[in-house]
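Understanding the architecture of this molecule
Below, each chain spelled out in residue letters.
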Amino acid sequence: NTDETNNFSTFIYGGFGGRFDQEMGCINALCVWGKKERFQHTSLALYDEETCAFALPESPTKNEIRIRFPGESSSSIKSDDDDYEQTTNNKVGEGPTCGLIPIGGRCDDVRTTGLQWNLEGDVPLEFGGLVSSSNRVVEEVVTVKTSSPLLFTAEMIVEEE
């Protein structure tokens, strides 16, 4: 799509698993994708049975993330005569465990809302320092403002029948 006003998303299932070097290659693809000019209008996400991950652009973008939990109503079908209503519940969802990973290098200022342990911009994220892993989504919308691109990860949950 060459029209930059149109948003689109690409989901790659099977982006994790296998050898560690292959996983890092997929994560590198997210980093490369995040540096592109069109990044503001597109998204790329990696998924497997246990994890999802996608890149978050740096400020001035305020990233809003909506996690879909299992059991939430995902669609509703209502007849024209309103005699019945059918609701479909999600069997698969993300979270609540999540992380913010400074995969592209040091991130000096990260501010979040909607997490159990929100970040206030006072401690940089970097390997060899703080990496925000094992956090928890506690609100419907998580917001992230960051001075450098980050990787957002969340666990995948499959609801048993």
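This section reports on the structure supplied with the text. (Residues numbered from 1 in each chain as written. Predicted model: local features only at pLDDT ≥ 70, side-chain atom pairs only at ≥ 80, totals over all residues. Heavy atoms only, no water.)

**Focus on the sheet that holds strand S8 (residues 110-113)**
On the basis of which strands lie adjacent, the open sheet formed by three strands has the order S4-S10-S8 and antiparallel pairing. Edge positions in the sheet fall to strand S4 (63-66) and S8, since each has one partner strand and no second. Across the sheet, the axes of successive neighbouring strands diverge by a mean angle of 20°, strand direction being ignored. Here S4 runs beside strand S10 (residues 141-146); their pairing, made up of four bridges, is antiparallel. (Pairing = 2+ DSSP bridges. Helix = DSSP H or I, 4+ residues; strand = E, 2+ residues; numbered from the N terminus. Axes fitted to C-alpha atoms, helices over the stretch in contact; angles between N-to-C directions.)

**What about the pattern of salt bridges?**
Counted by the stated rule, this structure contains four salt bridges. Between Arg 19 and Asp 21 there is a salt bridge; the shortest N-O distance is 2.8 Å. The class for Asp 21 is partly exposed, based on a relative accessible area of 45%. With its nearest N and O atoms 2.9 Å apart, the salt bridge here joins Arg 106 to Glu 126. (Salt bridge = Lys/Arg side-chain N within 4 Å of Asp/Glu carboxyl O. Buried < 20%, exposed > 50% of the residue type's maximum accessible area, 1.4 Å probe, protein only.)

**A look at the environment of Leu 125**
Its location among the elements puts Leu 125 in the loop between S8 and strand S9 (132-136). Residues Leu 125 and Ile 103, spaced 22 residues apart in sequence, show a C-alpha to C-alpha distance of 9.5 Å. Not counting residues up to four positions away in its chain, the partners in contact with Leu 125 are Leu 100, Pro 102, Gly 105, Arg 106, Cys 107, Val 110, Leu 119, Leu 130, Ser 132 and Leu 150. (Contact = heavy atoms within 4.5 Å.)

**Re the packing of aromatic side chains**
Overall, the coordinates contain one aromatic pair when judged by the stated rule. Their ring planes at 35° and their centres at 5.3 Å tell us that Phe 54 and Phe 152 sit as a pair that is tilted. In this pair, Phe 54 is assigned in strand S3 (residues 51-56) and Phe 152 in strand S11 (residues 150-158), connecting sequence segments 98 residues apart. You can call Phe 152 buried: its relative accessible area is 0%. (Phe/Tyr/Trp six-rings, centres within 6.5 Å; stacked < 30°, edge-to-face > 60°.)

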